[in-house]
Amino acid sequence: MHGKAAWVLGSSLVWGFACSSNSDAGSTSSGGGSAHGGAGGALNAGAGASNVAGSVGNGASAGTASSAGGANGVAGASSAGGSSSAGANAGGASSAGASSGGTSAAGAGGASTDVCTRWKADRADLSEGTWSGNVAACDPGDLSANARTNALRLVNLYRFLADLPAVTNDPTLDAGDQACALMMRANNMLSHTPPTTWTCYTQAGADAAGSSNISGGQAVSSVDAYMIDDGNETTLGHRRWVLSNSLGPIGIGGTDKASCMHTLDGTGKAGKAWMAWPAPGTIPLQAMIPARGASVDTTGWSIQSEKIDLTNAVVTVTVGGVAQPVTVTQLLQNYGAKYALDFIPQGWKTEAGKTYSVAVTGVTPTISYDVQIVDCQ
């Protein structure tokens, strides 16, 4: 049985995140930064991070299934955000590459216009909808249909860009996450292990909290925040769960100030040998730098794998053969995938119109891929 841990980076009442792993006991912090040992992090914890609208919480890995090979570019529904649909752009499946026995990937993106068309279409409606619940009455209520649809569409947009199959939501998991979100909202705190003394405590909500990404932000905007994952520098767990082979079906619950997204215990079988963010292929610059300030360059590019031990990995990034310095950090294990690392640009930032070639040695098999950044503004 795996334990859980929570990181909280406090900022405003509206935003705050926490995340859990399968190896630690409950832990939290508030007022910025991370710490261990508490039961929950305050959503209104003071100054918090100056460059991001909050922090998030992600569920622990239950040992995600994985096998070598690519996902064959399953795109997901671009407008309804629901069931998966075939048809990723050209260059979808990852392929066994170099003669040295390594693997390379072309990614899900085809022509930049195709990726930008998808990016714009799936983000045309980012409304948070309405919440029918009531804190005073401990009524979890529900999100309006458009809010849940919009959040699910964003999850599947990111999975499309990473050449992963789309996921659906499950009404039972949605209900659990509604109870989870109510508890976070009612107590102005985030915790994967909420105590029974919490206002509006329910067992269903507590169970969902232990199996979900949790956020002090609303359901739709939190998806972007999970992919940046500011304040979770030791795990990038929220991002890793969104990109997990095993993800799906998910649950989505939310209020006017807090939300939960069920990520654990999925039945997905994407089977990719490894996943990266930004992923191989064409990636919108806007996916790297969302509107709220923090960027993937500041939190780190990442690679995760269930099978490839990345412990001794050496990462190099080049543009046109010119090395781009990075600092590599091993991430804690078992958040969406057993192994993971991040690498943070040093003295450079991601720019549209450039192709970034990433090579990972010191692992078996080696990994190599190209990321083409386009401006979809």
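Computed from a prediction, not measured in an experiment: that's the story for all the values here.

### A word on the nonpolar core
Across soluble globular proteins, nonpolar side chains show a tendency to be buried alongside one another. With 64 residues, the main nonpolar core has Trp277, Trp301, Ile303, Leu310, Phe343 and Tyr369 as its most contacted residues. Element by element, the count of residues in this core is highest for helix H2 (residues 145–161), at nine residues. Discounting residues that sit within four places of it in the chain, Leu310 has contacts with Ile303, Gln304, Ser305, Gln330, Tyr339, Ala340, Leu341, Val363 and Ile367.

### Structural notes on the packing of helix H1 (residues 112–122) against H2
Where H1 contacts H2, the axes come no closer than 10 Å and their chain directions differ by 165°. Comparing the axis directions of H1 and H2 gives the class roughly antiparallel. Between H1 and H2 the crossing geometry is left-handed. Along its contact with H1, which presents Val115, Arg118, Trp119 and Asp122, the element H2 presents Arg153, Leu154, Asn156, Leu157, Tyr158, Phe160 and Leu161. Split into classes, the residues belonging to the contact of H1 with H2 amount to seven nonpolar, one polar and three charged.

### A look at the pairing of strand E10 (residues 259–262)
Walk down a regular strand and you will see the side chains alternate between the two sheet faces. Both faces of E10 are covered, namely the face carrying Ser259 and Met261 and the face carrying Cys260 and His262. Here strand E8 (residues 212–215) pairs with E10 via four bridges, running antiparallel. Along E10, the bridge assignment pairs Ser212 with His262. The pairing of strand E9 (residues 251–254) with E10 spans four bridges and is classified as antiparallel. When the sheet's bridge partners are listed, Gly254 is paired in E10 with Ser259. Connecting the antiparallel pair E9 and E10 is a turn made up of four residues.

### Some words on the environment of Asp342
For Asp342, the position within the fold is in strand E17 (residues 339–345). Its relative accessible area of 2% is what places Asp342 among the buried residues. For the pair Asp342 and Val326, spaced 16 residues apart in sequence, the C-alpha to C-alpha distance is 9.5 Å. Filtering out sequence-adjacent residues up to four positions away, Asp342 remains in contact with Glu233, Leu236, Thr299, Gly300, Trp301, Ser302, Thr327, Val328, Thr329 and Leu331.

### A look at the confidence of the model for the chain
A residue-level look at the chain finds 71% of positions with pLDDT of 70 or above and a mean pLDDT of 80. Note on residues 60–100: pLDDT under 50 across the span, and 128 contacts to partners over four residues away in sequence or across chains.

### Here's the deal with the sheet that holds E17
Strand order in the open sheet made by the four strands is E11-E13-E17-E16, with antiparallel pairing throughout. Looking at strand neighbours, the two that pair on one side only are strand E11 (275–277) and strand E16 (326–330), the edges of this open sheet. Looking at each pair of strands side by side, their axes are set apart by 15° on average, direction ignored. Bridge count between E11 and strand E13 (residues 301–305): three bridges; the pairing is antiparallel. Across the sheet, residue Trp277 finds its bridge partner in E13, namely Ser302.

### Digging into the pattern of salt bridges
Taken as a whole and judged by the stated rule, the model has seven salt bridges. Its salt-bridge partner being Asp142, residue Arg148 comes within 2.9 Å of it at the nearest N-O pair. The salt bridge partner of Asp174 is Arg148, with a shortest N-O separation of 3.4 Å. Taken together, the positions of Asp174 in helix H3 (residues 171–187) and Arg148 in helix H2 put the pair 26 residues apart, joining distant regions of the chain. Each of Asp142, Arg148 and Asp174 takes part in one network of salt bridges that share partners.

The rules behind these values
Residues numbered from 1 in each chain as written. Predicted model: local features only at pLDDT ≥ 70, side-chain atom pairs only at ≥ 80, totals over all residues. Heavy atoms only, no water. Core = buried A, V, L, I, M, F, W, Y, C linked by side-chain atoms within 4.5 Å. Buried < 20%, exposed > 50% of the residue type's maximum accessible area, 1.4 Å probe, protein only. Helix = DSSP H or I, 4+ residues; strand = E, 2+ residues; numbered from the N terminus. Contact = heavy atoms within 4.5 Å. Axes fitted to C-alpha atoms, helices over the stretch in contact; angles between N-to-C directions. Parallel < 35°, antiparallel > 145°, perpendicular 65-115°, else oblique. Left-handed = near helix turned anticlockwise from the far one by under 90°. Nonpolar A, V, L, I, M, F, W, Y, C, P; charged D, E, K, R; others polar. Pairing = 2+ DSSP bridges. pLDDT = per-residue confidence, 0-100. Salt bridge = Lys/Arg side-chain N within 4 Å of Asp/Glu carboxyl O.

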